[in-house]
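# Coordinate inspection notes
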Amino acid sequence: MAARLLYSGQVVVDLVMAVDALPSVGQDVLASSAAFEVGGGFNVMAAAARNGLSTCYLGRHGVGRFGDMARHAMAVEGIECRLPPSTGGDTGLCVALTDASAERSFISHVGAEGVLQAHDLRNETAAAEDWVMVSGYSLLHAGKAASLLSWLQQGGAAGTLVFDPGPLACNPALPGAEQLLDRLAIWSSNREEALQFTAADSLEQALQRLTARLPEGALVILRDGPQGCWLARDDWRQQVPGFAVQALDTNGAGDAHIGVFLASLAAGFSEQAAAARANAAAAIAVTRRGPATCPPAVELDAFLAAQSVV
C-alpha cells in the first residue's frame, strides 16, 4: 500500500494583500494587490500532492462561497476530501498581509474547519506507512482538539505523527500538547517558533531542549530562513544549506517545506536529501506571491540541477 499524508489541520481561504507597511492603529494604507486564495493547511497538502504523495484532508469544510473555493482547490490538486460539507456555516477566512520586507501578518476568523467530532474520524485508520500531520492551530479549537487527540490514540496510532506548532501554539502548557509530544515522530517549525516553545536563547539550546523533550529517535526539523534548515535527533545535528533568492512573500514557505520533505521521504530520499529538496521548495515559494506557491517535483528537480545539488 502506498504511503499517504493524512492531514488533520484546517483549510481556510486567505484574503491576500500586498502592502508597503502595515497601518498604525486607526490609519489606512493602500494595497498594491489583493486576491482570494485557498490557504492554511491547503498549502501543506498541495506541496505534498504536487510532489507525488497521495494526500487526504480529514478536516471539515463549510457550505458557502469559501467552502466551495476550498473544495475546488483540493479537487484540482487531487487531494481527497474525506468529509462531506458541514452545514453549520462556511469555511473560515484569513486576512494575510505581506509587507515590503516579505514578512506576513495574519488576522483569522474560524469557520467550519474549527470543529471536529469523534464520528467524523470513526472510519479513518492510518497505516504504518502513512504520515499523520497535526497543526498546532487544531489544539486551539475547543470543538476539535479532544476528538482529534482521541483519534490519534486510536485510528491514527499506526501512522508516523508529524507536528507543526505554528505561531499561535508555541506553548508547551497548551492543553493536549504534552499528549501529542509524547508520541511525536517529526517536529517541524521555524527558528522563532522553536525558541518560543522551548523558552531558549539560541538555536542550539532550542534543538537540545526539543530533542530532550521528544521521544528517543524523534526528528526535529528547524527552518532557519535563507540559511536552510537544521535536522536534529537525540545528540546528532546537521545543517542543510538553503538557497539565495530574492524573497517577495514568505506566506506558505514553511508549509511548502514540510510538504515536500514528507513527499521526498515517501519517495525514498534520505532525510538530508529530502531537507535539501524542502529548502529548494521554500526558496522557490518565497519568490512568488500567494500562499500555495510550492513547485511540483519536475520544477524542483530542474532547480536543484541548476544549483548542482543532486
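Whatever comes next refers back to the structure up there.
Residues numbered from 1 in each chain as written. Predicted model: local features only at pLDDT ≥ 70, side-chain atom pairs only at ≥ 80, totals over all residues. Heavy atoms only, no water.

### Some details on the overall build of the protein
Note the threshold: Think of it this way: any DSSP run of H or I at least four residues long counts as a helix, any run of E at least two long counts as a strand, and we number them from the N terminus. It is over C-alpha atoms that the radius of gyration is taken, and the globule rule equals 2.2 Å times the number of residues to the power 0.38. Throughout, exposure labels follow a simple rule: accessible area from a 1.4 Å probe, protein chains only, divided by the maximum for the residue type, with under 20% read as buried, over 50% as exposed, and the rest as partly exposed. Note on contacts: a residue pair is in contact if any heavy atoms of the two residues lie within 4.5 Å. Areas reported as accessible are Shrake-Rupley estimates using a 1.4 Å probe. Residue values count occlusion only from the protein chains shown. We treat Lys and Arg as the positive residues and Asp and Glu as the negative residues; His and chain ends play no part in the count. Where a charge sits is defined by one atom per residue type, namely NZ (Lys), CZ (Arg), CG (Asp) or CD (Glu).
When helices and strands are counted, the protein shows ten helices and 13 strands. Expected size for 310 residues packed as a compact globule is a radius of gyration near 19 Å; at 18 Å, the protein falls within 12% of this value. Put simply, the protein has 310 residues, and 52% of those count as buried. A separation threshold of at least 6 residues defines the contact pool for the protein, and within that pool the share at least 24 residues apart is 70%. When the accessible surface of the protein is totalled, it reaches about 13,100 Å², and 54% of it is carbon and sulfur. Of the charged side chains in the protein, 19 are positive and 31 negative; the average position of the first set lies 4 Å away from that of the second.

### Things to note about the packing of helix 8 (residues 253–266) against helix 9 (residues 271–285)
Rules: For helices, the fitted axis covers only the stretch in contact; all axes are lines through C-alpha atoms, and the angles between them, taken along N-to-C directions, range from 0 to 180 degrees. Left-handed describes a crossing whose near helix is turned anticlockwise from the far helix by less than a right angle; the clockwise case is right-handed.
Between helix 8 and helix 9, whose axes approach to 8 Å, the crossing angle comes to 145°. The crossing of helix 8 and helix 9 is right-handed. Mapping the contact onto sequence places Ala253, Ala256, His257, Val260, Phe261, Ser264 and Leu265 in helix 8 and Glu271, Ala274, Ala275, Arg277, Ala278, Asn279, Ala281, Ala282 and Ala285 in helix 9.

### Here we look at the pattern of salt bridges
If charged atoms from side chains of opposite charge come close, those side chains can pair. This is how the line gets drawn: By definition, a salt bridge exists where a carboxyl oxygen of Asp or Glu is found within 4 Å of a side-chain nitrogen of Lys or Arg.
Counting across every chain of the model gives 13 salt bridges. Among the salt bridges present, the one from Arg82 reaches Glu124, with a minimum N-O distance of 2.8 Å. Here Arg82, found in the loop between strand 5 (80–81) and strand 6 (93–98), pairs with Glu124, found in the loop between strand 7 (104–109) and strand 8 (131–135); they are 42 residues apart in sequence, far enough to count as distant. With relative accessibility at 8%, the residue Glu124 sits in the buried group. Sharing partners across several salt bridges, the network here consists of Glu80, Arg82 and Glu124.

These values are about where atoms sit, not about what they do.
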